[in-house]
Amino acid sequence: MDKIKNFFKSVGNWFRTHVPTRRRIIQLYAALLTNAKLTGYSEGFIYQNTDKITAYTKNICTPGLNCYSCPGAVAACPLGSLQNSLGSSNTTTPFYILGTLALFGLLLARTICGFLCPFGFFQDMLYKVKTPKVKKSAYTRVLSYLKYVLLITLVIAVPLIYHNVPGFCKYICPAGTFGGGVGLLQNSVNAEKYGMLGYLFTWKFVLMVICIVACIFIYRAFCRFICPLGAIYGFFNKISLLGVKLEKSKCIDCGMCISKCKMDIKHVGDHECINCGECISVCPTKAISWKGSKLFVEPTAAAVTVSAADVAEAPALNTILASGTTLQATGGSAVATDAEPKAQSNDTVIVEPKIAETPVEERTPTEETCETPVKKPKKAMSKRKKTRLILEIVAWSLAGILMIGALVYYNTLPPMAGTGGKKIENFKAATYQTADYDAGEEFDFYEYYSENYGYDNYLPDHKALILVFWSIKNETSKQYLTQLSEMYADIQTEENYPANIIAVHISDARITSEEVQDVIDENEVWKNSGIPFIQDIEKTDERSTLYVECGGSGAYPTLAFLNEHIRLHSTHTDTMTKESISDAVKACLDDTSYTKFDKGDKIFDFTVDTFESSYKDGTFSAKSGEGKIFVINFWYTSCGPCVAELPFFEDLYKEYGDKVVMIALHSWNGEQIIAQNFINNKGWSDWNMIFGVDKNDSIYRKLAISNGAYPETIVVDANGYIVFAASGAVQNGEGVRLLQDAIEAELAKMN
């Protein structure tokens, strides 16, 4: 029985000693809350503001360092936002991000580093790996100033000088490499991006590995020596509302706080202090406490246990104890008495506040202390504790509700914008008899699009298509179809956001086409509305039904919204009002992330600036390619495969001559000066092919067939239609053959 009791007792002791501290819980909570989009890792895409269905939380900065490009991130990184705003601000002060940083600094300062930064939490976990540790010293103190150098140069100077080059994010940040780079590349959907990894990613990956290894041996190596965000918050440490404070009247300069702190501080609360609060419990005179909110204060013991090593590292405390005195708290200050320190073992002593023999309420004021003793009722103390407990319960309950709400919200969203929107493949279906269509007539989906979404100046008509899935067995869907038929004329002629409607009867082996036609014949509103009534295609080995492809899941009616590029934007399973339909159409047509083109689409017109080269016009228009084969290659300077294959395109241009227009569009993200110098240094400025600037990647985002991979190559025929699209380098093997076959086939048509 004793063995069983001892076993359970040891288990209980283990749990008591290993229960996470309140700080650890807050760190884990903050990391999870700011990376609540957990499905982003399985989807392989980042949460973006371009998704019109969701709130724009990516416009908001997290307090700590958390990469915008991490698949789980639901907000922006303040350091990245600062660099982007400085680079794009020109002569305008970026008040939004500067104000945000000032707000975080004034409220929390480096408490953010100690409690809220996900990468800080990651470093704390790495340091727990049991290895020999490198202690702080004068050398680490000097190294701690490196982050201020990086702040001035890479975060401020580089974006201002080179315009939109986020120096720290691009060349250094291991948090971005780990969260954004590795976080995205771990998903197979981004496998095509491995081919574009070059020296820059290799450099950053090596830095990340070095940083991770360093954090195992050195406490918060990145935070102490590299992080410019911590440098910014350090300026606010003395004036922030929340943090640790030192009462100098109680301080005896024992040095315990500095010796215990793993950061490179000179005193409590200086610019290197991350306000973790661990120094509070080691202060023998209780001179260190929290300023601001007391919700985070941990109860402290009445006595402080000090090891021999601690005494050795704290000269002032060593002197006090060596003199045979102990520390006694009297009148809010610490004094030395002649009492012997209590020895707990050979290498520890206990510094214990002495309790006055005379009760506080019975003491009388003296000239020395000038104190007026006040008796504090026990009930009042009990009430304060109860209030504190209630506040903590409410605070943690609200935090729990917020976390659950964020996880449910972000992980039940529709597929994120940036996936390109699913393009509905062409299908042929039978029509039902109405005023405008004959029974059994073949309905060609793409032909319908060609007739109703004609191109004007290379752009299709700005109009959406609503597929309404219904069944004669479902009365709700039938009633709703009548409502839609009555307001179809208004929907179709909406001035800014018009839409066509097609009524698609679901595929059901139990329902014959004659039964469906009989129901349609009975409804004059349907027959004369102008809405085509078609039968959904049957499921085959090659493809599913149209209903399933549009996200149908057994509810009727189901409304699927497609844009002018035949891309599925959203699916709704409710009886939408005219106003809600209008909002959905507006979201569909305004969402530029779903306007990707594909083979067979007619290219849109665009005009771009060109780099200084043999092409002297300064701008280039897609209309210049009319009547010729038009080849577009997307590249950027630090993409190894892109740079390697550009000479191939120059040779290709020389081979085909004036029959082909060849343009290389550089992915412009503020590096136009760097790209121009790169082209000049390579000797490409004398080439015949054109080098253009794809500002904001606007053309790439519409024409590229991949999910952000480079290089990309597009071939457009003499009539403006895309006939070839390839992701990755095409200079070798099968890629060359397919590209040349496409060009020669179009040249043959022209001849």
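Residues numbered from 1 in each chain as written. Predicted model: local features only at pLDDT ≥ 70, side-chain atom pairs only at ≥ 80, totals over all residues. Heavy atoms only, no water.

### Remarks on the pairing of strand β24 (residues 722-727)
Part 1: Pairing geometry for strand β23 (residues 712-716) and β24, over five bridges, is antiparallel. Bridge assignment links E712 to a residue of β24, and that residue is S727.
Part 2: Hairpin connection from β23 to β24: five residues lie between these consecutive antiparallel strands, with G720 at a positive phi of about 95 degrees. (Pairing = 2+ DSSP bridges. Helix = DSSP H or I, 4+ residues; strand = E, 2+ residues; numbered from the N terminus.)

### What to know about empty space enclosed by the protein
Part 1: In this structure the tally under the stated criterion is three cavities of 30 Å³ or more.
Part 2: By volume, the largest cavity is sized at about 90 Å³.
Part 3: Surrounding the largest cavity, 15 residues form its lining, L65, C113, C117, C223 and C227 being those nearest its centre.
Part 4: Where the lining of the largest cavity is concerned, the elements lending two or more residues are α6 (111-116), α7 (118-127), α13 (221-225) and α14 (228-234).
Part 5: Partitioned by chemical class, the residues of the lining of the largest cavity number 10 nonpolar, four polar and one charged. (1 Å grid on protein atoms, 1.4 Å probe; cavity = no way out; pocket = protein on both sides within 12 Å on 5 of 7 lines; lining within 4 Å. Points joined across faces, edges and corners; volume = space filled by probe spheres on them. Nonpolar A, V, L, I, M, F, W, Y, C, P; charged D, E, K, R; others polar.)

### Quick notes on the sheet that holds β24
Part 1: Pairing in this open sheet of five strands is mixed, and the strands run β22-β21-β20-β23-β24 from one edge to the other. Edge positions in the sheet fall to β22 (690-695) and β24, since each has one partner strand and no second. Neighbouring strand axes in the sheet, compared pairwise and without regard to direction, differ in orientation by 20 degrees on average.
Part 2: The sheet contact formed by strand β20 (residues 629-635) and strand β21 (residues 660-668) spans seven bridges and is parallel. From the neighbouring strand, F630 faces β21, where its bridge partner is V661.
Part 3: Running over the sheet, helix α28 (residues 733-750) touches β20, β21, β23 and β24 and is turned about 155 degrees from β20. (Axes fitted to C-alpha atoms, helices over the stretch in contact; angles between N-to-C directions. Contact = heavy atoms within 4.5 Å.)

### Digging into a negative patch on the surface
Part 1: A surface patch of like charges, here negative, comprises E514, E515, D518, D521, E522 and E524.
Part 2: For the negative patch, the element with the most residues is helix α21 (residues 513-521), which contributes four residues.
Part 3: Its place among the elements puts E514 in helix α21.
Part 4: When its relative accessible area of 53% is taken as the criterion, E514 is described as exposed. (Patch = residues over 30% accessible without salt bridge, like charges linked within 9 Å, V, L, I, M, F, W, Y side chains within 5 Å. Areas by Shrake-Rupley, 256 points an atom, 1.4 Å probe, with all protein chains shown as cover. Salt bridge = Lys/Arg side-chain N within 4 Å of Asp/Glu carboxyl O. Lys, Arg positive; Asp, Glu negative; His and termini not counted. Charge placed at Lys NZ, Arg CZ, Asp CG, Glu CD. Buried < 20%, exposed > 50% of the residue type's maximum accessible area, 1.4 Å probe, protein only.)

### Quick word on the packing of aromatic side chains
Each pair of aromatic rings is reported with the distance of its centres and the angle of its planes.
Part 1: The tally for this structure, following the rule as stated, stands at 33 aromatic pairs.
Part 2: Relative to Y148, the ring of Y145 has its centre 6.0 Å away and its plane inclined at 40 degrees; by these criteria the two rings are tilted.
Part 3: By relative accessible area, Y148 is classed as buried at 13%.
Part 4: Arranged with centres 6.4 Å apart and planes meeting at 25 degrees, the rings of F606 and F630 form a pair that is stacked. One end of the pair, F606, is in the loop between α24 (578-590) and β18 (607-609); the other, F630, is in strand β20, and 24 residues separate them in sequence. No difference in accessibility class separates F606 from F630, as the two residues are buried.
Part 5: Within the aromatic cluster, the residues linked to one another by ring pairs are W635, F678, W684, W687 and F691.
Part 6: K133 extends its terminal NZ or CZ atom over the ring of Y127, reaching a point 4.4 Å from the ring centre.
Part 7: One cation-aromatic arrangement involves K262 over Y219; the distance from NZ or CZ to the ring centre is 5.1 Å. (Phe/Tyr/Trp six-rings, centres within 6.5 Å; stacked < 30°, edge-to-face > 60°. Lys NZ or Arg CZ within 6 Å of the ring centre and 35° of its normal.)

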